[in-house]
Structures are given as structure tokens and as C-alpha cells.
Amino acid sequence: VTSALLHFSGRQISTLQVGGPLTLQVPELTLPSGAKSSGCNECFHIRNISDEAIELQVEVILEMEAKSALTVDVLSSSTSTHVNTLPLDSNEAVQLVVVLKPDEKVHLVPAVLCAKSVLVGRILFKSPSLPTEEVRIIGSFTQGPTLTLSTSSVTLTLPS
């Protein structure tokens, strides 16, 4: 998907309509996450298709409902470090990883997040010399178990 001076690609990045905003579909996330899950992630590439080097500021803005349930980070896939700025030479491409991590204190999926595909937030790529590019993060959530019992430590007493 190509914008003015940037090209975005990845298996889950697209536009829902011609000329519409870019969207990144992330895997389903279970809340609470449980011991087996540490969140979900999705990768995409961004390429500078201009003739000049650019530096992009990367900002994640979460929707209010999602902000209380999870965090979203943008990482460099090559260094696994958080990306705040992204310098790109002419025709240079980098792979970024968007990581969603549930808040361990959240035990119930907020009702507004129970839809099949919901807007989680947006990633903004800003530069003084370019229009701001927006990638919308779309996800879905399922309710995980909220109570677990160990059968080896449960004692039941029946009335006589």
C-alpha cells in the first residue's frame, strides 16, 4: 500500500476502501491472558520511496477503552527495541513489529471491545516534510478464564 512518499507492506496491512486509511489486523487477544500467553504481535514493512532521507516520529495513540486493558508497542524487528524515531534513507525499508500486551490486572474484557473487529488504536508516522501517515490497529478480544481451581487443594465438606 503506497502513500505519498512511503510504502507499507505486510500480510495483515491493507486499506478497507480505495483511498481509505491503512489498517493493521492483529491476532485475537485473550483477556485475562493467562500463563500461556504474553500478548500478540504483527509485523509490517515500511519503505521510503522518495529520493531523499526522512526521519519519522512514531507515536501510538490508543482508544480510551483499549487504554485501560492493554499496552501497544512498536518495535524494530532487527533490534527488538522500542521505536520512537525512524530514520529512513532513500529506498530504505525496515520491518516493524506491533506488540499488544494485556494489562495483568484486567480480568474482564470491556464490553465495547467484545465486537469482532474493533479499533484498538492508531500508529502515527510524523515528519515535518510529509503529511502524517496513520495506520489503524484493528483487533478482536475473547474472554479468558477468570477463575481457576486446583483440585489437589480443594476440600469439600458435605452436610450430614
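This is a predicted model, so every value here is computed, not measured. (Residues numbered from 1 in each chain as written. Predicted model: local features only at pLDDT ≥ 70, side-chain atom pairs only at ≥ 80, totals over all residues. Heavy atoms only, no water.)

**Student:** Would you explain the packing of aromatic side chains in this entry?
**Tutor:** The description of two aromatic rings rests on the distance between their centres and on the angle between their planes. According to the stated counting rule, one finds three aromatic pairs in the structure shown. Geometrically, the ring pair formed by Phe8 and Phe44 is tilted, given 6.3 Å between the ring centres and 35° between the ring planes. You can see Phe8 sitting in strand 1 (residues 6–9) and its partner Phe44 sitting in strand 5 (residues 40–48), a full 36 residues away along the chain. Residue class for Phe44 comes out buried when judged on its relative accessible area of 0%. Following the ring pairs from residue to residue traces out a cluster consisting of Phe8, Phe44 and Phe125. (Phe/Tyr/Trp six-rings, centres within 6.5 Å; stacked < 30°, edge-to-face > 60°. Helix = DSSP H or I, 4+ residues; strand = E, 2+ residues; numbered from the N terminus. Buried < 20%, exposed > 50% of the residue type's maximum accessible area, 1.4 Å probe, protein only.)

**Student:** Is there a simple way to explain the pattern of salt bridges in this structure?
**Tutor:** Pairing between side chains of opposite charge can happen when their charged atoms approach one another. This model, assessed by the stated rule, comprises four salt bridges. The shortest N-O distance in the salt bridge between Glu63 and Arg122 comes to 3.0 Å. Linking Glu63 in the loop between strand 6 (54–62) and helix 1 (64–67) with Arg122 in strand 10 (residues 118–127), this pair joins segments that are 59 residues apart in sequence. For Glu63, a relative accessible area of 22% translates into the label partly exposed. Beyond isolated ion pairs, a larger network of salt bridges with shared partners links Glu63, Arg122, Glu134 and Arg136. (Salt bridge = Lys/Arg side-chain N within 4 Å of Asp/Glu carboxyl O.)

**Student:** Explain the environment of Leu5 to me, please; I cannot follow it from the model alone.
**Tutor:** Mapping Leu5 onto the fold places it in the segment before strand 1. The contacts of Leu5, once residues within four sequence positions are left out, are Arg47, Asn48, Ile49, Ser50 and Leu130. (Contact = heavy atoms within 4.5 Å.)

**Student:** For this particular structure, what's the right way to read the pairing of strand 11 (residues 130–139)?
**Tutor:** Residues in a regular strand project their side chains so that they alternate between the two faces of the sheet. Note that strand 3 (residues 22–25) and strand 11 share four bridges and pair parallel. Residue Gln25 lies in a different strand from strand 11, and its bridge partner there is Ile138. The pairing of strand 10 with strand 11 spans eight bridges and is antiparallel. Counterpart to Leu124 in the pairing with strand 11 is Glu134. Between strand 10 and strand 11, which pair antiparallel and follow one another directly, the connecting turn spans two residues. (Pairing = 2+ DSSP bridges.)

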